Amino acid sequence: MGKHQVTEQNIALVVDDDPNSLNMVSTALEENGMSVIVARDGQTAIELAGRINPDVILMDAIMPQMDGFETCRRLKQGAQATNAPIIFMTGLTDSNDVLRGLKAGGVDYITKPVVVDELVARIGIHIVNSKLIQSARDAHDMAGRSLLAFDASGVLVWGSQMAMTAFDVSLVSAHTLQAWLTKCIQQPVSEIGSLVMNGHEFRYVGLSNSQEILVKLTKSNGESNEQRLARLLSLTSREAEVLYWLTLGKTNRDISAILGLSPRTVNKHLEQIFQKMGVDNRTSAAVAADRILHGQL
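All of the points below concern the structure found in this document. (Residues numbered from 1 in each chain as written. Predicted model: local features only at pLDDT ≥ 70, side-chain atom pairs only at ≥ 80, totals over all residues. Heavy atoms only, no water.)

A closer look at the overall build of the protein
Okay, step 1: The helix and strand tally for the protein stands at 12 helices and 10 strands.
Okay, step 2: Considering only residue pairs separated by 6 or more positions, the protein has 56% of its internal contacts joining residues 24 or more positions apart.
Okay, step 3: Approximately 15100 Å² of the protein is accessible, and the part contributed by carbon and sulfur atoms is 51%. (Helix = DSSP H or I, 4+ residues; strand = E, 2+ residues; numbered from the N terminus. Contact = heavy atoms within 4.5 Å. Areas by Shrake-Rupley, 256 points an atom, 1.4 Å probe, with all protein chains shown as cover.)

Describing the pairing of strand β9 (residues 200-207)
Okay, step 1: As paired strands, strand β8 (residues 195-197) and β9 are joined by three bridges and run antiparallel to one another. From the neighbouring strand, Met197 faces β9, where its bridge partner is His200.
Okay, step 2: Connecting the antiparallel pair β8 and β9 is a turn made up of two residues, with Asn198 showing a positive phi of about 45 degrees. (Pairing = 2+ DSSP bridges.)

Describing helix α7 (residues 174-186)
Okay, step 1: Taking 1.5 Å as the rise per residue, α7 with 13 residues should run 18 Å; its terminal C-alpha atoms sit 18 Å apart, in good agreement.
Okay, step 2: Among all positions of α7, only Leu177, Trp180, Leu181 and Cys184 are buried. The buried residues of α7 all sit within an arc of 100 degrees when viewed along its axis, so they share a single face. Turned more than 90 degrees away from the buried face of α7 sit His175 and Gln186, all of them exposed. (Expected span 1.5 Å × (residues − 1). Buried < 20%, exposed > 50% of the residue type's maximum accessible area, 1.4 Å probe, protein only. Arc of directions from axis to C-beta.)

And the structure:
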């Protein structure tokens, strides 16, 4: 089948309430070397996806009770969101229906009756792309980077395995998180403080090329950033405050204004900080402190 050939290692989850359509698509995929799991409704599809971790999901848009659009949204949201690309199969051809599928989290849209060769080719392309994306996310884990990505509305889009294992959406206030994410978009990275909620600490990293909001996740023991620096570096409370603002890229003049100290006093605190940390300049101190505050989970 060429460049994007599917293999027996690939598992497809086919979701369709029509037994004839289900049988036709399943047979075609099996004949092309794929393992196929089937579901007749959305809830069953969600349960199966959580257990078998399919490589691709083929989703009928129109189903009773929970339609394909809602099923797709649920599969793509939350800490247990599937990484599998979801391809819609439906007789609907209106552009608004296509848009609904894409907004729900689908990657492609195939109209019925399905042309088998086209379907297999598209599946192969999307599986390859999905695995490349997952490899990039796995690389973040190997580098100790615990990353989450949110869209502009605050919906969790994806996360590295390390972050997804640690992140418990039920312990986080959606309103507070959304307000913080909005602030992240509107202000420079250096102006955004970390957000601590119920044992989670979120730190804004920046925007991806696709405009996803990238956030680094670490575990928090309830300490403030300043308290953590003071404890781990044997600093006074005031020294810890000065160092924390240094990690946020503030100049001595900025720190002086923020903390109500004279520039000379800030310089004296920095001298003590450098001595205690064993460094000789503000850049080294800021980098070392940042690693302490935002080290891997």
